[in-house]
Amino acid sequence: MKRNTAIDIGRFFASFMVVCLHTKFPIKLLGPFVADIAKFSVPFFLMTSGFYLYDVENEKFKTRVKKSIKKLLRILLEACLVYGALRVLKKYYFDIDISNQHIRLFEFFAFNDTKFTEHLWYLFAVLYVLIILLVISRAKRLDLFLKLTPIYILIHVVFCTLSRNYFEDPYLYELNWLVTAMPFISIGLLIRKKKLFESFKNTYLSRCLIGFVFLIFIEHYLFKLIVGKGPGVLSIFLFSITLLLLFAKNPKIFHPKIDNFIADIGKNHALDIYIYHVLIRNILTLSGASLALNNSVVIFLLSLLFSIALQKVKSGTYSLNKHVKIHKAIPKS
């Protein structure tokens, strides 16, 4: 199966929404509502990862997993170096107390807790699941792994509900490989394997999507009313899955040129935007920028430009290295 244009468009919008989760929305009145819906972004990213990983042939699946692990390790190294440098800058140049951002080894290895930056847990969580999938593929037990998906979902719902309302450090028990990454990557794999998107009509999926948007707000305010905290878990879970099913079923959304333009950003820049938008936010905050600059829309656009520039540099470096290797390989006469 080729890349699905609509899913990559979904990745584009999800990358914007994840920026909205970590930054201030320019229209203050809409901020809480945007943040509620924006929580679909991480589950959507995880499901698309699973969706694109799957292959009916075990050897091809194993090859894709290996390739993804190598790529992710390189990305993790780059991100950790960048945010490590940012920590040094904060502490020694701006004299900012970062003692609450120290790394706790047990929490880091068990729960992907990355206190030095709030969002890199995602990369480590995906890495853990990819390693598990590599072991599964070598044992040729992917079918058994996917049969346990209802258990992964139950773990997600139970732990997220408990963490948001009862645990002192909610994100520690929610944002990790077991509770969030494995359930949604498994769902993405299952949707691709079973072609579940073919089982639903567009009208049904569209109505469900609208219904789940209302449920997000209802569940959010009910949780706040009853237990003083929010939002809930079920509505975001259902909304994210329905959105992927709708996009998987309908590869085209707008005019082909518009589709391809947006999908290209979603395919090639969504992950960079996720990784580096926090860096851009920090730079703007440290420079004392006002809300006119330090907001979700501006940070998203700057992160996109940063990603484009970064990939230009990488591709140029790769071409130069390739040229040097070829030149060295040519025997001198």
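Data block above holds the structure.
The rules behind the values
Residues numbered from 1 in each chain as written. Predicted model: local features only at pLDDT ≥ 70, side-chain atom pairs only at ≥ 80, totals over all residues. Heavy atoms only, no water. Helix = DSSP H or I, 4+ residues; strand = E, 2+ residues; numbered from the N terminus. Buried < 20%, exposed > 50% of the residue type's maximum accessible area, 1.4 Å probe, protein only. Lys, Arg positive; Asp, Glu negative; His and termini not counted. Salt bridge = Lys/Arg side-chain N within 4 Å of Asp/Glu carboxyl O. Contact = heavy atoms within 4.5 Å. Patch = residues over 30% accessible without salt bridge, like charges linked within 9 Å, V, L, I, M, F, W, Y side chains within 5 Å. Areas by Shrake-Rupley, 256 points an atom, 1.4 Å probe, with all protein chains shown as cover. Core = buried A, V, L, I, M, F, W, Y, C linked by side-chain atoms within 4.5 Å. Polar contact = N/O pair within 3.5 Å; in protein donor to acceptor, adjacent residues only side chain to side chain. Expected span 1.5 Å × (residues − 1).

Focus on the side chain of Asp259
Next, step 1: Among the structural elements, Asp259 can be located in helix α13 (residues 256–268).
Next, step 2: It is Lys252 that comes nearest to the buried, bridge-free Asp259 among opposite-charge side chains, at 7.6 Å.
Next, step 3: Setting aside residues up to four positions removed in sequence, Asp259 forms contacts with Thr5, Ile9, Lys252, Ile253 and Phe254.

Some thoughts on a nonpolar patch on the surface
Next, step 1: A cluster of nonpolar side chains, Ile27, Leu29, Leu30, Phe33 and Tyr221, forms an exposed patch at the surface whose accessible area comes to about 500 Å².
Next, step 2: Relative to the assigned elements, Phe33 resides in helix α2 (residues 31–38).
Next, step 3: By relative accessible area, Phe33 is classed as partly exposed at 38%.

With respect to the nonpolar core
Next, step 1: Judged by nonpolar contacts, the single largest core of 89 residues is most densely connected at Tyr122, Leu123, Leu133, Leu142, Phe145, Leu189 and Ile275.
Next, step 2: In terms of residue count, the dominant contributor to this core is helix α6 (residues 121–138) (12 residues).
Next, step 3: Setting aside chain neighbours within four positions, we find Leu123 in contact with Leu72, Ile75, Leu76, Ala79, Leu271 and Ile275.

Observations regarding the environment of Thr48
Next, step 1: Mapping Thr48 onto the fold places it in helix α3 (residues 41–53).
Next, step 2: Separated by 36 residues in the primary sequence, Thr48 and Gly84 place their C-alpha atoms 29 Å from one another.
Next, step 3: Other than its neighbours up to four places away in sequence, Thr48 contacts Ile7, Arg11 and Leu244.
Next, step 4: Within the structure, the side chain of Thr48 is placed 2.7 Å from the backbone oxygen of Phe45, a separation counted as a polar contact.

Brief notes about helix α10 (residues 177–194)
Next, step 1: In a regular helix each residue adds 1.5 Å, so 18 residues correspond to 26 Å; α10 covers 24 Å between its end C-alpha atoms and thus fits that length.
Next, step 2: For α10, the tally of buried residues reaches 13 of 18 residues, placing the bulk of the element in the interior.
Next, step 3: With a side-chain oxygen lying 3.1 Å from the backbone nitrogen of Leu178, the N-terminal cap of α10 falls on Asn176.
Next, step 4: A positive phi of about 50° marks Lys195, the residue just after α10.

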